Amino acid sequence: MLAATVAVLVAGYGRLGAVVDGAFGAAVGCAAGLILCALLYLLVGSAVSGRPARGGRRD
């Protein structure tokens, strides 16, 4: 399921970039989609683990 979600998000950003600026926009959109997926993966992982995202202490 994770791979399908990443593929759909990257393809969506790539399609949007292609509409805006052709092949270069598609490449930038795909890169933006991959970066967004990575950030969301890290954010959700830290939220689920219960650890603070930044070096703070949890009592």
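The preceding data block contains the structure.
Thresholds, definitions, all that
Residues numbered from 1 in each chain as written. Predicted model: local features only at pLDDT ≥ 70, side-chain atom pairs only at ≥ 80, totals over all residues. Heavy atoms only, no water. Helix = DSSP H or I, 4+ residues; strand = E, 2+ residues; numbered from the N terminus. Buried < 20%, exposed > 50% of the residue type's maximum accessible area, 1.4 Å probe, protein only. Areas by Shrake-Rupley, 256 points an atom, 1.4 Å probe, with all protein chains shown as cover. Contact = heavy atoms within 4.5 Å. Patch = residues over 30% accessible without salt bridge, like charges linked within 9 Å, V, L, I, M, F, W, Y side chains within 5 Å. Salt bridge = Lys/Arg side-chain N within 4 Å of Asp/Glu carboxyl O. Expected span 1.5 Å × (residues − 1). Bend = angle between axes of the 7 residues up to and from the residue.

Asker: In this structure, what is going on with the overall build of the protein? I would like to understand it.
Answerer: What the protein contains, in helices and strands, is one helix and zero strands. Within the protein, buried positions represent 15% of all 59 residues. When the accessible surface of the protein is totalled, it reaches about 4700 Å², and 71% of it is carbon and sulfur.

Asker: What should I look at first to understand the environment of G14 in this one?
Answerer: Structurally, G14 can be placed in helix α1 (residues 2–49). Judged by its relative accessible area of 8%, G14 falls in the buried class. Each C-alpha atom, one on G14 and one on A32, is 8.5 Å from the other, the two residues being 18 residues apart in sequence. If sequence neighbours within four positions are ignored, G14 has contacts with A26, G29 and C30.

Asker: Could you clarify how one ought to interpret a nonpolar patch on the surface in this entry?
Answerer: A surface patch of nonpolar side chains, amounting to about 370 Å² of accessible area, comprises L2, Y41 and L42. By the element assignment, L2 lies in helix α1.

Asker: Teacher, can you tell me more about the environment of T5 here?
Answerer: Secondary-structure assignment places T5 in helix α1. For the pair T5 and C37, spaced 32 residues apart in sequence, the C-alpha separation works out to 8.8 Å.

Asker: Please clarify how α1 should be interpreted in this entry.
Answerer: Residues three or four positions apart in an α-helix share a direction because the helix packs 3.6 residues into each turn. Compared with the 70 Å implied by 1.5 Å per residue over 48 residues, the 18 Å span of α1 between its first and last C-alpha is markedly short. Of all the bends found along α1, the most pronounced is centred on D21 and spans about 150°. Taken residue by residue, α1 has V10, G14, G17, G25, A26, G29, G33, C37 and S46 as its buried positions. Looking one or two residues past α1, G50 carries a phi angle of roughly 90°, positive in sign.

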